[in-house]
Amino acid sequence: MKAKLVIALLYFFGHLPLRLNQAIGGFLGWMLWLIPTRAKATTLTNLQLCFPEKDMHWIKDTARQSLIETGKTLTESPFLWYASAKRIRELITAVSDMPALEDAVKQGRGAILVSPHIGSWEMTGLFAGSHYAMTSLYKPPKIQELDTLVKQARETTGSRLVPTTAGGIRQLQQALANRECIGMLPDQEPKGSGGVFAPFFNIPAYTMTLLHKLAHDNQVPVIISFAERLPKGKGYYLHILVPDERIHDKDPAISAAAMNATIE
């Protein structure tokens, strides 16, 4: 019953007009701000740690806006999953530096497309898959019945998804060996010994070293991107960034610090 309810909600949000979808998501995010939720407490704490020079008015205003955007992320994901490849391309209204991405891919060594949890990371992955041979990591849903739905949806534009397991990582390495692109979200806390402490807003944060290992071992370019959500459901502005060059340093701690600096 739980799986059926979730699937029904995904279908509902997946077929709303984007403007209405994001409006409902924004309202849900606003509710997260109004009531004493864990998300609200965590957001306020993190903002105070990362921006100690800011006053509480700025902290609270930014936290509220962040939670509203989090709500939009929740409801817009199924919209993007149900959208066609053509619709996905139409929703990208502009790209900040497409030549940087194209130049990285044209080197013929493969490339790593990194999308942190900023804006619409679902859109970033779908857009990349519509342009390049792409293998991306994903975390299978806890509800098993959703796995096929989510995996097929994220592969709509051409990406191949592999799970966040040892086998999935081997498939990423094989894709790079075949001079293809891979995609990953780098700002998740790694398990066990899969990370190092690196500064993030001057705070030591346990940061994954998988990106460093893949980039350094294969000597491939790294591109960071995020899809900025435009107001009133008007689409997305895709930002392409060339990261701090130290991301290729042989020292995983220096590489992790460079990645965090670029995300900042």
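Placed above this text is the structure.
Residues numbered from 1 in each chain as written. Predicted model: local features only at pLDDT ≥ 70, side-chain atom pairs only at ≥ 80, totals over all residues. Heavy atoms only, no water.

Turning our eyes to something else, we now look at the sheet that holds strand E2 (residues 111-114). The strands that make up a sheet pair up through hydrogen bonds in the backbone, lying either parallel or antiparallel. Spatially, 7 strands are ordered E1-E9-E8-E2-E5-E3-E4 in an open sheet, and the strand pairing comes out mixed. Two strands bound the open sheet, and with one partner strand each, they are strand E1 (92-95) and strand E4 (160-163). When the angles between neighbouring strand axes are averaged without regard to direction, this sheet yields 25°. In this sheet, strand E9 (residues 236-241) lies alongside E1 in parallel orientation, the contact comprising 3 bridges. Residue pairing for E9: valine 95 is matched across the bridge by leucine 238. (Pairing = 2+ DSSP bridges. Helix = DSSP H or I, 4+ residues; strand = E, 2+ residues; numbered from the N terminus. Axes fitted to C-alpha atoms, helices over the stretch in contact; angles between N-to-C directions.)

A few words now on a positive patch on the surface. Taken together, the side chains of Lys2, Lys139, Lys142 and Lys191 define a basic patch exposed on the protein surface. Examined against the element boundaries, lysine 142 turns out to sit in the loop between strand E3 (134-138) and helix H8 (147-154). (Patch = residues over 30% accessible without salt bridge, like charges linked within 9 Å, V, L, I, M, F, W, Y side chains within 5 Å. Areas by Shrake-Rupley, 256 points an atom, 1.4 Å probe, with all protein chains shown as cover. Salt bridge = Lys/Arg side-chain N within 4 Å of Asp/Glu carboxyl O. Lys, Arg positive; Asp, Glu negative; His and termini not counted. Charge placed at Lys NZ, Arg CZ, Asp CG, Glu CD.)

For helix H7 (residues 121-129), the tally of buried residues reaches 7 of 9 residues, placing the bulk of the element in the interior. What H7 keeps buried is the set Glu122, Met123, Thr124, Leu126, Phe127, Ala128 and Gly129. (Buried < 20%, exposed > 50% of the residue type's maximum accessible area, 1.4 Å probe, protein only.)

Here we come to the packing of aromatic side chains. This model, assessed by the stated rule, comprises 7 aromatic pairs. Centre to centre, the rings of tyrosine 11 and tyrosine 82 are 5.8 Å apart; their planes meet at 85°, and the pair counts as edge-to-face. Pair noted here: tyrosine 11 is in helix H1 (residues 2-14) and tyrosine 82 is in helix H4 (residues 56-82), with a separation of 71 residues, a long-range link. The exposure class of tyrosine 82 is partly exposed, given its relative accessible area of 33%. (Phe/Tyr/Trp six-rings, centres within 6.5 Å; stacked < 30°, edge-to-face > 60°.)

Taken N-terminus to C-terminus, the directions of helix H9 (residues 166-177) and helix H10 (residues 210-218) make an angle of 30°; their axes are 11 Å apart at the nearest point. Classed by the angle they form, the pair H9 and H10 counts as roughly parallel. Taken as a pair, H9 and H10 cross one another with a handedness that is right-handed. In this structure, H9 uses Ile169, Leu172, Gln173 and Leu176 to contact H10, whose residues at the interface are Leu210, Lys213, Leu214 and Asn218. Each residue belonging to the contact of H9 with H10 can be placed in one class, and the counts come to 5 nonpolar, 2 polar and 1 charged. (Parallel < 35°, antiparallel > 145°, perpendicular 65-115°, else oblique. Left-handed = near helix turned anticlockwise from the far one by under 90°. Contact = heavy atoms within 4.5 Å. Nonpolar A, V, L, I, M, F, W, Y, C, P; charged D, E, K, R; others polar.)

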